[in-house]
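Now for the letters of each chain:
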Amino acid sequence: MSVNKVILVGNVGKDPEIRHLDTGVAVANFPLATSETYTAKNGEKVTTTEWHNIVLWRGLAEVAEKYVTKGRQLYIEGRIRTRSYDDKDGNKRYMTEIYGDTMQMLGTKADDNRQGAGPYNQNQNNSGLTPPATMANEPEIDEPGGDEDLPF
């Protein structure tokens, strides 16, 4: 048995790029930044940022197109995929991506009212979405600071 599961909470690096395949299936791509802060031996605070390539399909891509913008904090649950391609010089290149199955928009209540909070799940119903009907039962998340905490 094996498991390929990723859970990320981070900030969107740029507005999603949306494309539609010939079959009409929507695909969204965007970078997500996760940051870790620690104190070095000399007492200095150090922040490291990891960038993740997020790929959303079908209904999740359509939600991303409407509501996800640069700087927005997201919860993404999915799996890792690595693909290869040949660059313009014929060299084989590899790209690691996170294929999202679940997405939830995080942040303040003002953000949720303005942008339509999640959770959204790829595998729920025909549209590929779980409507935000259960938000009242979810705990509030206090977001420290403002945009000055973003790693970009």
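In this text, all values refer to a predicted model and were calculated from it rather than measured experimentally.

Asker: Honestly, the overall build of the protein chain in this entry has me stumped. Any pointers?
Answerer: For the protein chain, the helix and strand inventory stands at two helices and seven strands. Taking all 152 residues of the protein chain together, the buried fraction comes to 36%. In the protein chain, the proportion of contacts linking residues at least 24 apart, taken out of those at least 6 apart, comes to 56%. Roughly 9800 Å² of accessible area belongs to the protein chain as shown, and the carbon and sulfur atoms make up 46% of that amount.

Asker: Could you clarify how one ought to interpret the nonpolar core in this entry?
Answerer: Taken as a class, soluble globular proteins show a tendency for nonpolar side chains to be buried jointly. Counting residues in hydrophobic clusters, the biggest one holds 19 residues, and the most contacted among them are Leu 32, Ile 54, Leu 56, Leu 74, Ile 76 and Met 103. Only strand S1 (6–12), strand S3 (26–39), strand S4 (45–57), helix H1 (58–67), strand S5 (73–86) and strand S6 (92–105) provide two or more residues apiece to this core. Look past the residues within four positions of Ile 54 in its chain and what remains in contact with it is Leu 8, Ala 28, Asn 29, Phe 30, Leu 32, Ile 76 and Ile 98.

Asker: Hey, could you run me through the pairing of S5 in this one?
Answerer: The side chains of a regular strand alternate, first on one face of the sheet and then on the other. The pairing of S1 with S5 spans six bridges and is classified as antiparallel. Residue pairing in the sheet places Leu 8 in a bridge with Ile 76 of S5. Taken together, the 13 bridges between S5 and S6 define a ladder with antiparallel strand orientation. Its bridge partner lying in S6, Arg 83 is registered against Met 95. Hairpin connection between S5 and S6: a loop of five residues separates the two successive antiparallel strands, and Gly 90 in this loop has a positive phi of roughly 85 degrees.

Asker: It is not clear to me how the environment of Val 6 should be interpreted in this structure. Could you clarify?
Answerer: Looking at where Val 6 falls in the secondary structure, it is placed in strand S1. Residues Val 6 and Gly 100, 94 residues apart in the sequence, show an inter-C-alpha distance of 8.7 Å. Ignoring sequence-local partners within four residues, the contact set of Val 6 consists of Ile 76, Glu 77, Gly 78, Arg 79, Ile 80 and Ile 98.

Asker: Can you walk me through the pairing of S1 in this structure?
Answerer: For S1, the tally of buried residues reaches five of seven residues, placing the bulk of the element in the interior. In this structure, S1 lies alongside S3, joined through two bridges in antiparallel fashion. Note that in S3 the partner of Val 12 across the bridge is Leu 32.

Asker: Can you walk me through the pattern of salt bridges in this structure?
Answerer: Should their charged atoms come close, side chains of opposite charge can pair. As enumerated under the stated definition, the model contains six salt bridges in all. We note a salt bridge from Lys 5 to Glu 77, for which the minimum N-O separation is 2.7 Å. Here the residue Lys 5 occupies a position in the segment before S1, and Glu 77 occupies one in strand S5, the gap between them amounting to 72 residues. Its relative accessible area of 52% is what places Lys 5 among the exposed residues.

Asker: Honestly, unusual backbone geometry in this entry has me stumped. Any pointers?
Answerer: Residues apart from glycine generally show negative phi values, whereas peptide bonds are mostly found in trans. Despite not being glycine, Arg 58 has its phi angle at roughly 50 degrees, a positive value. Its place among the elements puts Arg 58 in helix H1.

Conventions and cut-offs
- Residues numbered from 1 in each chain as written.
- Predicted model: local features only at pLDDT ≥ 70, side-chain atom pairs only at ≥ 80, totals over all residues.
- Heavy atoms only, no water.
- Helix = DSSP H or I, 4+ residues; strand = E, 2+ residues; numbered from the N terminus.
- Buried < 20%, exposed > 50% of the residue type's maximum accessible area, 1.4 Å probe, protein only.
- Contact = heavy atoms within 4.5 Å.
- Areas by Shrake-Rupley, 256 points an atom, 1.4 Å probe, with all protein chains shown as cover.
- Core = buried A, V, L, I, M, F, W, Y, C linked by side-chain atoms within 4.5 Å.
- Pairing = 2+ DSSP bridges.
- Salt bridge = Lys/Arg side-chain N within 4 Å of Asp/Glu carboxyl O.

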